[in-house]
Amino acid sequence: MLISALACASAVALSACGGGSGGSSEEGGSSTSGKTATLVSIQSVNDKGVMQDFVGGFKAATEKAGMQSNVVVLTDPSTYESTLESVSGRSDLVFTTFPPMIQAVEKVAPKHEKVKYVLLDARLSKPLDNVQELFFRENESSYLGGIVAGRLTQTKKVGFLGSIKQDVVDRYLVGFQAGVKSVDPTIKVCFAYVGSLSDPALGKQFANTMYGQDVDIIHAATAGTQLGIYQAAEEQKKYLVSADVDVLPLAPNYGLTATGPDFASAAKVAVEQFAGNSFKTGLQVYGLNDNAVRILPFNEKLVPKDVQADVEKAKQGIIDGSITVPDDKSAGSLTNCG
């Protein structure tokens, strides 16, 4: 059920937003029978991207667990806290998304000790006993993207473009760099941050500059800015490893693959924990071993089978522990174009 922010801005209005898509399945345990889960999103859930995936996984998992589910979309920051207070009064499990919701969670969650919360991709100022801070090991999936770039580069010079400098983007960078270097330590990896999450023109400008400096493959982790990088790749006839969503519809001729979280699987993990009375609080980081990050479909016209096999071998190595991928803490030690 999709609920508008205006319809659910207060506890009174929220009572008319009930219902949900509860399933009749007994899977997940009888302890979830009659329970309600609510996902509160601060961005569109029909974005053909990560939030659409996250909502799909949330709905599928709650239905399997026999829970009722609601989705609330907020567009006005002034309603974040009041809406979270309202849904907490009638929910057993609440998902919230991204750093702008931190303050609301810190104020509301302590007042609802029996409610479990999942805060996606954001850290609280201090842990709360009923809140899971859900993060991903994007570095693991980007390592696999680095192997693709390392195997396919002709110029021995590849690039990384990030949106803004923050831990999550640094995880993409360090994983990509490590994957490239695992193929050939002499390949140069150049990187830059465009400074925006939603400026395609700026992304295109940065990509054109990088491609013009003998870089023939870019890994981009730039959110909405990425649309311009798709355009640059197609126009410059240079190659691209995207992030988070399938690259092929937007860069069909020069998109190689994409890396990043599997948001649907992450939602499933948290719901299954709740249904199994094994809900984990505090910082929880999920990776390849949890099916929570991935490398997306390859462009079969551009990525040979032997390269795909190398990626699969490395994936299994990360899962079994024989390959250790550096995390964002090592980003400061990287040498640009080194």
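What you are looking at is a predicted structure, and each value in this text was computed from that prediction instead of being measured. Every chain's residues receive numbers from 1 upward, in the order its sequence appears when written. Only residues with pLDDT of at least 70 get local features here, since the model is predicted, and only at 80 or more are side-chain atom pairs given and counted; chain-wide, interface and lining totals rely on the full set of residues. Working from all heavy atoms in the structure, the side-chain values ignore hydrogens and water.

1. Topic: the overall build of the chain
- Each helix and strand in the chain was counted, giving ten helices and 13 strands.
- Only heavy atoms matter for contacts: two residues are in contact if any of them lie within 4.5 Å across the pair. For the chain, contacts bridging at least 24 residues in sequence account for 68% of all contacts bridging at least 6.
- Summing over all exposed atoms, the chain offers an accessible surface of approximately 14100 Å²; the carbon and sulfur share of this is 51%. Secondary structure counts use DSSP, requiring at least four H or I residues in a row for a helix and at least two E residues in a row for a strand, with both numbered from the N terminus. Accessible surface is estimated by sampling points in the Shrake-Rupley manner with a 1.4 Å probe; for residues, cover comes only from the protein chains shown.

2. Some thoughts on the state of the cysteines
- A pair of cysteine sulfur atoms is labelled a disulfide when the two atoms are within 2.5 Å. Summed over all chains, the structure comprises one disulfide.
- The disulfide partner of Cys190 is Cys337, and the gap between their sulfur atoms is 2.0 Å. Handedness of the Cys190-Cys337 disulfide follows from its S-S torsion of about 125°: it is right-handed. Of this pair, Cys190 sits in strand S8 (residues 188-193) while Cys337 sits in the segment after helix H10 (305-320), placing them 147 residues apart in sequence.
- Partly exposed residues are those whose accessible area sits between 20% and 50% of the maximum for their type, while under 20% is buried and over 50% is exposed, using a 1.4 Å probe and protein chains only. Taking the relative accessible area as the measure of exposure, Cys190 reaches 5% and is therefore buried.
- Given the relative accessible area of 30%, Cys337 is considered partly exposed.

3. Describing the packing of aromatic side chains
- Between the rings of Phe, Tyr and Trp (Trp by its six-membered ring), a pair exists once the centres lie within 6.5 Å; its type follows the angle of the planes, with under 30 degrees stacked, over 60 edge-to-face, and the other angles tilted. The tally for this structure, following the rule as stated, stands at five aromatic pairs.
- Measuring from centroid to centroid gives 5.4 Å for Phe58 and Phe95, while their planes differ by 75°, and the two rings are edge-to-face. A residue pair is termed long-range when its members are at least 10 positions apart, and Phe58 in helix H2 (residues 50-64) and Phe95 in strand S4 (residues 93-97) qualify at 37 residues.
- For Phe58, a relative accessible area of 0% corresponds to the buried category.

4. Overview of the sheet that holds strand S7 (residues 157-162)
- In this analysis, strands are considered paired if DSSP registers two or more bridges between them. Within the open sheet, the six strands sit side by side as S8-S7-S9-S10-S11-S13. Their pairing is mixed. Taken across any chain shown, the strands that pair with only one partner, and hence form the sheet edges, are S8 and strand S13 (293-295). Taken over all neighbouring pairs, the strand axes of this sheet differ in orientation by 15° on average, direction set aside.
- As defined by bridge partners, strand S11 (residues 255-261) adjoins S13 across three bridges and the pair is classed as antiparallel. All axes here are fitted lines through C-alpha atoms, helices being fitted over the stretch that makes contact, and every angle between N-to-C directions spans 0 to 180 degrees.

5. Points about the environment of Tyr193
- In this fold, Tyr193 is placed in strand S8.
- Tyr193 sits 27 residues away from Ala220 along the chain, and the two C-alpha atoms are 9.8 Å apart.
- If we ignore the near neighbours within four places in the chain, the residues touching Tyr193 are Gly162, Ser163, Ile164, Lys165, Val169, Asp170, Leu173 and Phe206.
- Looking at Tyr193, its side chain comes within polar contact range of the side chain of Asp170, at 2.5 Å. Pairs of N or O atoms are called polar contacts if they sit within 3.5 Å, as long as, within protein, a hydrogen donor faces a hydrogen acceptor (for residues adjacent in sequence, only side-chain-to-side-chain pairs).

6. A closer look at the environment of Val72
- With respect to the helices and strands, the residue Val72 is situated in strand S3 (residues 68-73).
- The exposure class assigned to Val72 is buried, which follows from its relative accessible area of 1%.
- Between the alpha carbons of Val72 and Val87 there is a distance of 8.9 Å; along the sequence they are 15 residues apart.

7. Thoughts on the pattern of salt bridges
- Salt bridge, as applied in this entry: a Lys or Arg side-chain nitrogen positioned within 4 Å of an Asp or Glu carboxyl oxygen. This model, assessed by the stated rule, comprises 14 salt bridges.
- Look at the salt bridges and you will find they share partners, linking Asp53, Asp262 and Arg294 into a network.

8. Some remarks on the environment of Glu138
- You can see Glu138 is positioned in helix H5 (residues 138-152).
- In this structure Glu138 touches Asp121, Val168, Arg171, Tyr172, Pro261 and Val293, once residues within four positions along its chain are discounted.
- A polar contact of 2.7 Å, which involves the side chain of Glu138, links it to the side chain of Arg171.

9. Focus: the packing of H5 against helix H6 (residues 167-183)
- Interaxial distance between H5 and H6 falls to 6 Å at its minimum, and their mutual angle equals 40°. In this view, H5 runs oblique relative to H6, as classed from their interaxial angle. Relative to H6, H5 is oriented so that their crossing is right-handed. Of the residues in H6, those touching H5 at Glu138, Asn139, Ser142, Tyr143, Gly145, Gly146, Ile147, Ala149, Gly150 and Arg151 are Val168, Arg171, Tyr172, Val174, Gly175, Phe176, Ala178, Gly179, Val180, Ser182 and Val183. Note that the term roughly parallel is reserved for angles under 35 degrees, roughly antiparallel for angles over 145, roughly perpendicular for angles of 65 to 115, and oblique for everything else. Crossings are classed by handedness, with left-handed meaning an anticlockwise turn of the near helix from the far one by less than a right angle and right-handed meaning a clockwise turn.

10. Examining the confidence of the model for the chain
- The predictor attaches a confidence to each residue, and that confidence, scored 0 to 100, is pLDDT. In this model, the chain carries an average pLDDT of 90, and 90% of its residues clear a pLDDT of 70 or more.
- Ignoring residues within four places in sequence, the model shows residues 1-30, a span with pLDDT below 50, making 63 contacts including any to other chains.

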